[in-house]
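Each chain, written out:
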Amino acid sequence: MSSVLRGMSRSNPLLHRISRRYITDRSFRLANVGDLAVAQEFKDQVAPEHFVTFAHTADIAKRDLSKQLVIDLSHEQGYKRGHIKGSINLPLEKFDFCRLVDTYGGIMQDEVYSVFKSLGVNNDTSEIILYDNSGLLACRLWFVLRYFGFQNVRILNGGWRAWLRAGLPVDEKETVPITASSLDLKPKRDNIITKPTQMIFDHEHETSQIIDTRRPEAYQTYHIPRAINVPSKSLMQDGEFASVKTIRDICQSKKLNVEDGSSIIYSSKGLTSSVGYFCLSMAGVDGVSVYDQGIYNWVSNFENKLDPTIAEHLQR
(Lines give C-alpha, C1' and ligand atoms only; values in the text may rest on other atoms or scores of the structure.)
Protein backbone atom coordinates (compact mmCIF):
# COMPACT_ATOMS: atom_id res chain seq x y z
CA MET A 1 0.00 0.00 0.00
CA SER A 2 1.32 3.46 -0.86
CA SER A 3 2.08 6.05 1.81
CA VAL A 4 -0.89 8.18 0.74
CA LEU A 5 -3.37 5.30 0.73
CA ARG A 6 -2.09 4.09 4.06
CA GLY A 7 -2.57 7.55 5.49
CA MET A 8 -6.10 7.71 4.05
CA SER A 9 -7.04 4.40 5.66
CA ARG A 10 -5.83 5.73 9.00
CA SER A 11 -7.81 8.96 8.80
CA ASN A 12 -11.06 7.63 7.31
CA PRO A 13 -13.55 6.74 10.12
CA LEU A 14 -15.51 4.41 7.84
CA LEU A 15 -12.41 2.37 7.11
CA HIS A 16 -11.70 2.25 10.84
CA ARG A 17 -15.16 0.82 11.52
CA ILE A 18 -14.79 -1.79 8.82
CA SER A 19 -11.36 -2.94 9.94
CA ARG A 20 -11.93 -2.66 13.70
CA ARG A 21 -11.12 -5.80 15.68
CA TYR A 22 -11.94 -6.40 19.29
CA ILE A 23 -9.01 -6.52 21.66
CA THR A 24 -7.95 -10.06 22.41
CA ASP A 25 -5.47 -11.68 24.77
CA ARG A 26 -2.42 -12.87 22.84
CA SER A 27 -0.29 -13.77 25.84
CA PHE A 28 0.32 -17.11 24.12
CA ARG A 29 3.25 -15.25 22.55
CA LEU A 30 4.97 -15.71 25.90
CA ALA A 31 6.31 -19.04 27.10
CA ASN A 32 6.89 -20.26 30.64
CA VAL A 33 9.67 -22.62 31.68
CA GLY A 34 7.08 -25.40 31.67
CA ASP A 35 6.48 -24.86 27.94
CA LEU A 36 10.00 -26.01 27.12
CA ALA A 37 10.43 -29.59 25.97
CA VAL A 38 13.65 -29.98 27.97
CA ALA A 39 11.84 -29.03 31.21
CA GLN A 40 9.31 -31.85 31.07
CA GLU A 41 11.55 -34.40 32.77
CA PHE A 42 11.77 -32.10 35.82
CA LYS A 43 8.04 -31.48 36.14
CA ASP A 44 7.73 -33.40 39.42
CA GLN A 45 10.73 -31.59 40.93
CA VAL A 46 9.79 -27.98 40.15
CA ALA A 47 7.21 -25.70 41.77
CA PRO A 48 3.89 -25.92 39.86
CA GLU A 49 3.78 -22.20 39.02
CA HIS A 50 6.67 -22.65 36.60
CA PHE A 51 4.48 -24.99 34.56
CA VAL A 52 1.44 -22.74 34.28
CA THR A 53 0.97 -21.83 30.63
CA PHE A 54 -0.27 -18.45 29.45
CA ALA A 55 -3.80 -17.67 28.27
CA HIS A 56 -4.75 -19.36 25.00
CA THR A 57 -1.51 -21.34 24.91
CA ALA A 58 -2.06 -24.70 23.28
CA ASP A 59 -1.97 -27.59 25.72
CA ILE A 60 1.55 -29.00 25.97
CA ALA A 61 0.23 -32.48 25.25
CA LYS A 62 -1.08 -31.30 21.88
CA ARG A 63 2.16 -29.73 20.69
CA ASP A 64 5.05 -31.57 19.10
CA LEU A 65 7.78 -30.61 21.56
CA SER A 66 10.30 -32.72 19.68
CA LYS A 67 10.20 -30.10 16.91
CA GLN A 68 10.59 -27.11 19.21
CA LEU A 69 13.70 -24.93 18.83
CA VAL A 70 15.03 -22.85 21.74
CA ILE A 71 17.46 -20.03 20.90
CA ASP A 72 19.84 -18.45 23.44
CA LEU A 73 20.78 -14.87 22.50
CA SER A 74 23.73 -14.54 24.89
CA HIS A 75 27.17 -13.65 23.63
CA GLU A 76 29.36 -16.69 22.97
CA GLN A 77 31.19 -16.65 26.31
CA GLY A 78 27.96 -16.25 28.25
CA TYR A 79 26.48 -19.22 26.44
CA LYS A 80 29.53 -21.32 27.28
CA ARG A 81 29.21 -20.45 30.98
CA GLY A 82 25.72 -21.88 31.07
CA HIS A 83 22.48 -22.16 29.14
CA ILE A 84 19.25 -24.12 28.84
CA LYS A 85 19.98 -27.66 27.76
CA GLY A 86 19.56 -28.12 24.02
CA SER A 87 19.36 -24.41 23.25
CA ILE A 88 21.21 -23.07 20.23
CA ASN A 89 23.35 -19.96 20.57
CA LEU A 90 22.72 -17.00 18.28
CA PRO A 91 24.93 -14.10 19.44
CA LEU A 92 24.84 -10.67 17.85
CA GLU A 93 28.33 -11.35 16.56
CA LYS A 94 26.86 -14.03 14.32
CA PHE A 95 23.69 -12.21 13.31
CA ASP A 96 23.28 -8.55 14.22
CA PHE A 97 19.50 -8.31 14.38
CA CYS A 98 19.72 -4.85 15.98
CA ARG A 99 20.44 -3.32 12.59
CA LEU A 100 17.71 -1.52 10.69
CA VAL A 101 15.17 -3.79 9.04
CA ASP A 102 14.84 -4.15 5.27
CA THR A 103 16.88 -1.12 4.31
CA TYR A 104 20.25 -0.57 2.65
CA GLY A 105 23.00 -1.90 4.91
CA GLY A 106 20.41 -3.43 7.23
CA ILE A 107 18.77 -6.82 7.66
CA MET A 108 17.49 -8.33 4.44
CA GLN A 109 15.35 -11.41 3.85
CA ASP A 110 18.10 -13.49 2.25
CA GLU A 111 20.28 -13.10 5.33
CA VAL A 112 17.46 -14.05 7.69
CA TYR A 113 16.67 -17.09 5.56
CA SER A 114 20.30 -18.21 5.53
CA VAL A 115 20.87 -17.71 9.26
CA PHE A 116 17.76 -19.53 10.44
CA LYS A 117 18.12 -22.34 7.98
CA SER A 118 21.65 -22.86 9.37
CA LEU A 119 20.15 -23.01 12.87
CA GLY A 120 17.96 -25.90 11.81
CA VAL A 121 14.67 -24.04 11.41
CA ASN A 122 12.60 -25.81 8.77
CA ASN A 123 9.02 -26.21 7.62
CA ASP A 124 8.36 -28.78 10.36
CA THR A 125 9.63 -26.65 13.27
CA SER A 126 6.65 -26.44 15.63
CA GLU A 127 7.77 -23.26 17.39
CA ILE A 128 10.79 -21.10 18.16
CA ILE A 129 11.35 -19.88 21.72
CA LEU A 130 13.75 -17.00 22.30
CA TYR A 131 15.45 -16.01 25.53
CA ASP A 132 18.17 -13.77 26.93
CA ASN A 133 18.88 -12.05 30.26
CA SER A 134 16.99 -8.78 29.91
CA GLY A 135 14.26 -9.51 27.36
CA LEU A 136 15.44 -6.67 25.10
CA LEU A 137 17.24 -8.84 22.56
CA ALA A 138 14.45 -11.42 22.57
CA CYS A 139 11.88 -8.71 21.77
CA ARG A 140 14.04 -7.28 19.02
CA LEU A 141 14.57 -10.61 17.31
CA TRP A 142 10.88 -11.49 17.75
CA PHE A 143 10.00 -8.29 15.91
CA VAL A 144 12.52 -8.93 13.13
CA LEU A 145 11.24 -12.47 12.61
CA ARG A 146 7.65 -11.29 12.61
CA TYR A 147 8.44 -8.74 9.91
CA PHE A 148 10.04 -11.42 7.75
CA GLY A 149 7.02 -13.71 7.94
CA PHE A 150 7.93 -16.20 10.68
CA GLN A 151 5.12 -17.76 12.70
CA ASN A 152 4.94 -19.51 16.08
CA VAL A 153 7.76 -17.53 17.65
CA ARG A 154 7.55 -16.97 21.41
CA ILE A 155 9.59 -15.33 24.16
CA LEU A 156 10.49 -17.04 27.43
CA ASN A 157 9.02 -14.88 30.19
CA GLY A 158 11.78 -14.06 32.65
CA GLY A 159 14.41 -15.40 30.26
CA TRP A 160 17.49 -17.10 31.65
CA ARG A 161 16.62 -15.91 35.17
CA ALA A 162 13.32 -17.80 35.04
CA TRP A 163 15.18 -21.02 34.28
CA LEU A 164 17.54 -20.45 37.21
CA ARG A 165 14.70 -19.48 39.59
CA ALA A 166 12.99 -22.75 38.75
CA GLY A 167 16.12 -24.52 40.01
CA LEU A 168 16.69 -26.30 36.72
CA PRO A 169 20.15 -27.53 35.73
CA VAL A 170 22.68 -25.30 33.98
CA ASP A 171 24.13 -26.89 30.87
CA GLU A 172 27.56 -26.04 29.47
CA LYS A 173 27.58 -28.37 26.48
CA GLU A 174 27.25 -26.64 23.14
CA THR A 175 24.39 -27.73 20.92
CA VAL A 176 25.55 -27.83 17.31
CA PRO A 177 22.66 -27.16 14.91
CA ILE A 178 22.05 -29.20 11.79
CA THR A 179 21.32 -27.08 8.72
CA ALA A 180 17.74 -27.49 7.56
CA SER A 181 17.01 -28.90 4.13
CA SER A 182 13.88 -26.82 3.53
CA LEU A 183 12.51 -23.53 4.84
CA ASP A 184 9.72 -21.60 3.19
CA LEU A 185 9.09 -18.09 4.48
CA LYS A 186 5.73 -16.36 4.46
CA PRO A 187 5.36 -12.92 2.86
CA LYS A 188 6.87 -10.01 4.73
CA ARG A 189 4.61 -8.02 7.05
CA ASP A 190 5.46 -4.64 5.53
CA ASN A 191 2.78 -2.85 7.53
CA ILE A 192 4.60 -3.23 10.85
CA ILE A 193 7.46 -0.94 9.77
CA THR A 194 6.97 2.81 9.29
CA LYS A 195 9.48 4.23 6.82
CA PRO A 196 10.77 7.82 7.17
CA THR A 197 8.54 9.14 4.36
CA GLN A 198 5.50 7.57 5.98
CA MET A 199 6.52 9.00 9.36
CA ILE A 200 6.61 12.49 7.83
CA PHE A 201 3.16 12.00 6.29
CA ASP A 202 1.67 10.67 9.54
CA HIS A 203 3.18 13.49 11.55
CA GLU A 204 1.99 16.22 9.21
CA HIS A 205 -1.54 14.81 8.89
CA GLU A 206 -1.80 13.53 12.49
CA THR A 207 -3.15 10.20 11.26
CA SER A 208 -1.45 8.07 13.92
CA GLN A 209 -0.74 8.35 17.61
CA ILE A 210 2.98 8.32 18.33
CA ILE A 211 4.52 6.37 21.21
CA ASP A 212 8.01 6.97 22.59
CA THR A 213 9.36 4.00 24.60
CA ARG A 214 12.56 5.62 25.84
CA ARG A 215 13.35 6.55 29.44
CA PRO A 216 11.32 9.50 30.80
CA GLU A 217 14.41 11.71 31.12
CA ALA A 218 15.33 11.11 27.46
CA TYR A 219 11.75 11.82 26.43
CA GLN A 220 11.62 15.03 28.47
CA THR A 221 14.87 16.24 26.93
CA TYR A 222 13.69 15.76 23.36
CA HIS A 223 10.92 13.85 21.61
CA ILE A 224 8.88 13.86 18.43
CA PRO A 225 5.97 16.33 18.72
CA ARG A 226 2.70 14.69 19.88
CA ALA A 227 4.59 11.60 21.11
CA ILE A 228 3.30 9.97 24.29
CA ASN A 229 5.91 8.45 26.59
CA VAL A 230 5.33 4.81 27.53
CA PRO A 231 8.71 3.70 28.95
CA SER A 232 9.53 0.12 28.05
CA LYS A 233 10.30 -0.61 31.71
CA SER A 234 6.64 -0.07 32.54
CA LEU A 235 5.84 -2.96 30.17
CA MET A 236 8.78 -5.28 30.76
CA GLN A 237 11.61 -5.27 33.26
CA ASP A 238 14.46 -7.78 33.61
CA GLY A 239 12.73 -10.06 31.13
CA GLU A 240 9.45 -10.19 33.10
CA PHE A 241 6.49 -8.94 31.09
CA ALA A 242 3.50 -7.09 32.47
CA SER A 243 0.15 -8.85 32.24
CA VAL A 244 -2.23 -8.09 29.40
CA LYS A 245 -4.50 -6.25 31.85
CA THR A 246 -1.62 -4.12 33.13
CA ILE A 247 -0.55 -3.24 29.59
CA ARG A 248 -4.10 -2.20 28.71
CA ASP A 249 -4.38 -0.16 31.94
CA ILE A 250 -1.13 1.64 31.14
CA CYS A 251 -2.42 2.50 27.67
CA GLN A 252 -5.66 3.77 29.15
CA SER A 253 -3.84 5.91 31.72
CA LYS A 254 -1.86 7.47 28.85
CA LYS A 255 -5.12 8.09 26.94
CA LEU A 256 -4.00 5.89 24.06
CA ASN A 257 -6.65 4.60 21.69
CA VAL A 258 -6.08 0.84 21.54
CA GLU A 259 -9.42 -0.19 20.03
CA ASP A 260 -9.03 1.26 16.56
CA GLY A 261 -6.86 3.73 14.74
CA SER A 262 -3.12 3.27 14.41
CA SER A 263 0.03 3.79 16.45
CA ILE A 264 3.68 4.32 15.58
CA ILE A 265 6.29 3.32 18.15
CA TYR A 266 9.84 4.62 18.17
CA SER A 267 12.95 4.63 20.35
CA SER A 268 16.61 5.36 19.71
CA LYS A 269 18.14 2.05 18.64
CA GLY A 270 15.12 -0.18 18.02
CA LEU A 271 15.34 -2.18 21.25
CA THR A 272 12.74 -0.58 23.50
CA SER A 273 10.42 0.10 20.55
CA SER A 274 10.46 -3.66 19.90
CA VAL A 275 9.46 -4.21 23.53
CA GLY A 276 6.56 -1.82 23.05
CA TYR A 277 5.49 -3.52 19.83
CA PHE A 278 5.61 -6.99 21.38
CA CYS A 279 3.64 -5.94 24.47
CA LEU A 280 0.92 -4.11 22.55
CA SER A 281 0.69 -7.07 20.20
CA MET A 282 0.37 -9.41 23.17
CA ALA A 283 -2.41 -7.20 24.55
CA GLY A 284 -4.32 -7.56 21.29
CA VAL A 285 -3.68 -4.05 19.98
CA ASP A 286 -3.67 -3.91 16.18
CA GLY A 287 -2.60 -1.20 13.75
CA VAL A 288 0.80 -0.81 15.42
CA SER A 289 4.05 -0.25 13.54
CA VAL A 290 7.64 0.62 14.45
CA TYR A 291 9.51 3.66 13.16
CA ASP A 292 12.66 1.57 13.07
CA GLN A 293 15.02 4.39 12.16
CA GLY A 294 13.88 6.16 15.29
CA ILE A 295 14.78 9.44 16.92
CA TYR A 296 18.13 9.76 15.12
CA ASN A 297 16.47 9.72 11.72
CA TRP A 298 13.81 12.15 12.89
CA VAL A 299 16.44 14.60 14.08
CA SER A 300 18.37 14.38 10.81
CA ASN A 301 15.16 15.09 8.88
CA PHE A 302 13.77 17.89 11.02
CA GLU A 303 16.52 19.43 13.12
CA ASN A 304 19.53 21.20 11.63
CA LYS A 305 21.21 21.86 14.93
CA LEU A 306 20.58 20.54 18.42
CA ASP A 307 21.63 21.84 21.77
CA PRO A 308 24.72 19.82 22.89
CA THR A 309 22.86 18.58 25.98
CA ILE A 310 20.07 17.19 23.85
CA ALA A 311 22.53 15.59 21.46
CA GLU A 312 24.22 13.86 24.40
CA HIS A 313 20.92 12.41 25.60
CA LEU A 314 20.14 11.06 22.14
CA GLN A 315 23.37 9.07 22.20
CA ARG A 316 22.43 7.21 25.36
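**Brief notes about the pairing of strand β10 (residues 263–266)**
- Where burial is concerned, the two faces of β10 agree: the one with S263 and I265 and the one with I264 and Y266 are both buried.
- Strand direction decides the pairing type here: strand β6 (residues 209–212) and β10, joined by 4 bridges, are parallel. Looking across to β10, one finds that I210 is bridged to I264.
- In this structure, β10 lies alongside strand β11 (residues 288–290), joined through 3 bridges in parallel fashion. The partner of I265 across the bridge, within β11, is V290.
- As for the winding sense of the linkage, the β-α-β connection from β10 through helix α10 (residues 271–282) to β11 is right-handed.

**Focus on helix α9 (residues 244–253)**
- Within α9, the full set of buried residues consists of V244, I247, I250 and C251. Each buried residue of α9 sits inside an arc of 125 degrees when the element is viewed along its axis, so together they form one side. In α9, the exposed positions angled more than 90 degrees off the buried face are occupied by K245, Q252 and S253.
- In this structure, the buried side of α9 is in contact with α10.

**Structural notes on the confidence of the model for the protein**
- On average, residues of the protein carry a pLDDT of 87, and 85% of them reach 70 or more.
- In the predicted structure, residues 1–21 sits below a pLDDT of 50 and forms 34 contacts with residues beyond four places in sequence or in another chain.

**Concerning the packing of helix α5 (residues 136–147) against α10**
- Between α5 and α10, the shortest axis-to-axis distance is 8 Å and the interhelical angle comes to 70 degrees. If you check the angle between α5 and α10, you find them roughly perpendicular. At the point where α5 passes α10, the crossing takes the left-handed sense. For the pair formed by α5 and α10, the contact residues are L136, L137, C139, R140, W142, F143 and R146 on the first element and L271, T272, S274, V275, Y277, F278 and S281 on the second.
- Among the residues forming the contact of α5 with α10, the class breakdown is 9 nonpolar, 3 polar and 2 charged.

**Some remarks on the packing of aromatic side chains**
- All chains considered together, the criterion is met by 9 aromatic pairs.
- Judged by centre distance (4.8 Å) and plane angle (85 degrees), the rings of W142 and F278 are edge-to-face. Of the two residues, W142 sits in helix α5 while F278 sits in helix α10, which places them 136 residues apart along the sequence.
- On the basis of relative accessible area, F278 is assigned to the buried category, the value being 0%.
- An aromatic cluster is defined as three or more aromatic residues linked by ring pairs; in this entry it consists of W142, F143, F241, Y277 and F278.

About the criteria used
- Residues numbered from 1 in each chain as written.
- Predicted model: local features only at pLDDT ≥ 70, side-chain atom pairs only at ≥ 80, totals over all residues.
- Heavy atoms only, no water.
- Buried < 20%, exposed > 50% of the residue type's maximum accessible area, 1.4 Å probe, protein only.
- Helix = DSSP H or I, 4+ residues; strand = E, 2+ residues; numbered from the N terminus.
- Pairing = 2+ DSSP bridges.
- Right-handed = clockwise from strand over helix to strand, strands pointing away.
- Arc of directions from axis to C-beta.
- Contact = heavy atoms within 4.5 Å.
- pLDDT = per-residue confidence, 0-100.
- Axes fitted to C-alpha atoms, helices over the stretch in contact; angles between N-to-C directions.
- Parallel < 35°, antiparallel > 145°, perpendicular 65-115°, else oblique.
- Left-handed = near helix turned anticlockwise from the far one by under 90°.
- Nonpolar A, V, L, I, M, F, W, Y, C, P; charged D, E, K, R; others polar.
- Phe/Tyr/Trp six-rings, centres within 6.5 Å; stacked < 30°, edge-to-face > 60°.

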